[in-house]
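If you want the building blocks of each chain, they are given just below.
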Amino acid sequence: MSLHRDQKILVFGKSGQVAQALSTLSIGARAIFLSKDEVNFESPSQIQNVLDQHSPTHIINCSAYTAVDQAEVEQDKARLLNATAPGVIAQWCAAHQAQLIHYSTDYVFDGAGEQFWKETDRPNPLNWYGQTKYEGELAIQNSGCAHIILRISWVYSYVGTNFVKTMLRLGSQKEELSVINDQVGYPTSALDVARATEKILEVNSQRQSPFRGIYHLSGEPKTTWFEFASEIFRQAREMGYPLTVKNIRPIQTSEYPTRARRPLNSRLDSHKIHSDFGIELPDWKVSLHNCLRKIHQLT
């Protein structure tokens, strides 16, 4: 990655899926990664102190409250982490001419219809997690700082808690599973997100007027959770995973009630990021294969 030598990158959310993926790339040797133990996102003053201490020129915020159902209970905490903290970071960036890359979510949309969501479509979150992520977007935009907000969907990795690892665990414990088949979206590898982030930094470092604003970034092609799970098990079996699952039953969202409502349509239109940055993610089945192979190597 070709960045100017005087550029200093600070990454929040060290233990997250995207941050850990970033640490494996060339940016990993250049950036400072901070964990939640090193900076408390529930304390705006501590965030400001850490930023003053490190004086970064670029900030990548991988930190977030992502427990979708629990956010309905811990609403104040979710808002602090997803809205207040990003706003504090953005205000610091605006005051110090620093650039911010922040990750948002498909959950800012209500999932109505079957259209592809564009960056210009009006958000209408169904749950508190989505609401706080949307508020975070607004706080960043209103700060006036130079920013890139990446809306990503269905993120998975060989680390952390995610759908792929959950399916592998359940698939090795049970003979039958029920998986939702009426929510449509794009599985997105954390490693692909990290590579896209690195490309964004590289392209913007070469521009006199860096690109800024909201961008959608997701894997292709569209699928459902049921189809995603089926492909996970198909590939896992080929790799020799010890699976016990024999039958996967497709069910409707209404058959699996959760505290927080989920959007049925999470189709994100990623044409804008391809046009501006030349970024086009690989087929999610290919990225899934690489993820499963990595998990297999680690077990």
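Rules of the game
- Residues numbered from 1 in each chain as written.
- Predicted model: local features only at pLDDT ≥ 70, side-chain atom pairs only at ≥ 80, totals over all residues.
- Heavy atoms only, no water.
- Helix = DSSP H or I, 4+ residues; strand = E, 2+ residues; numbered from the N terminus.
- Rg over C-alpha atoms; globule rule 2.2 N^0.38 Å.
- Buried < 20%, exposed > 50% of the residue type's maximum accessible area, 1.4 Å probe, protein only.
- Expected span 1.5 Å × (residues − 1).
- Arc of directions from axis to C-beta.
- Contact = heavy atoms within 4.5 Å.
- Pairing = 2+ DSSP bridges.
- Right-handed = clockwise from strand over helix to strand, strands pointing away.
- Salt bridge = Lys/Arg side-chain N within 4 Å of Asp/Glu carboxyl O.

Undergrad: Got a sec to walk through the overall build of the protein chain? Specific residues and values, please.
TA: In terms of helices and strands, the protein chain carries 10 helices and 12 strands. In terms of overall size, the protein chain behaves like a compact globule, its C-alpha atoms giving a radius of gyration of 19 Å where 299 residues would be expected to give roughly 19 Å. Overall size of the protein chain, expressed as C-alpha extent along the three principal axes, is 55 × 40 × 35 Å. Here the protein chain holds 299 residues, and 53% of them are scored as buried.

Undergrad: Give me the lowdown on helix 10 (residues 284-298), citing residues and values where you can.
TA: A rise of 1.5 Å per residue sets the reference length of helix 10, with its 15 residues, at 21 Å; its end C-alpha atoms lie 21 Å apart and thus fit the reference within 8%. All of the buried residues along helix 10 are Trp284, Ser287, Leu288, Cys291, Leu292 and Ile295. Angularly, the buried residues of helix 10 cover 135 degrees about the axis, an arc narrow enough to put them on a single face. The inward-facing, buried residues of helix 10 abut strand 6 (155-156), helix 6 (163-171), strand 9 (188-189), helix 7 (190-205), strand 11 (223-224) and helix 8 (225-239).

Undergrad: Report on the pairing of strand 1 (residues 9-12), specifying residues and quantitative values.
TA: Of the two faces of strand 1, the one lined by Ile9 and Val11 and the one lined by Leu10 and Phe12 are each fully buried. Here strand 1 pairs with strand 2 (residues 32-34) via three bridges, running parallel. Its bridge partner being in strand 2, leucine 10 is matched across the sheet by isoleucine 32. In the classification by handedness, the crossover that spans strand 1, the intervening helix 1 (residues 17-23) and the parallel strand 2 is right-handed.

Undergrad: Could you give me a rundown of the pattern of salt bridges, with the residues and numbers involved?
TA: Applying the stated criterion across every chain, the model contains nine salt bridges. Note that arginine 262 is salt-bridged to aspartate 69, the shortest N-O span being 2.6 Å. With arginine 262 in the loop between strand 12 (247-251) and helix 9 (271-277) and aspartate 69 in helix 3 (residues 68-71), this residue pair connects regions lying 193 residues apart in the sequence. Note on arginine 262: relative accessible area 22%, which makes it partly exposed.

Undergrad: A description of unusual backbone geometry should follow, citing residues and the corresponding values.
TA: The omega torsion of the bond from glutamate 220 to proline 221 falls at -10 degrees, within 30 degrees of zero and hence cis. Although it is not a glycine, serine 55 sits at a positive phi angle of roughly 45 degrees. Notably, glutamine 97 is not glycine yet its phi reads approximately 55 degrees, a positive angle. Positionally, glutamine 97 belongs in the loop between helix 4 (75-96) and strand 4 (99-105). With relative accessibility at 67%, the residue glutamine 97 sits in the exposed group.

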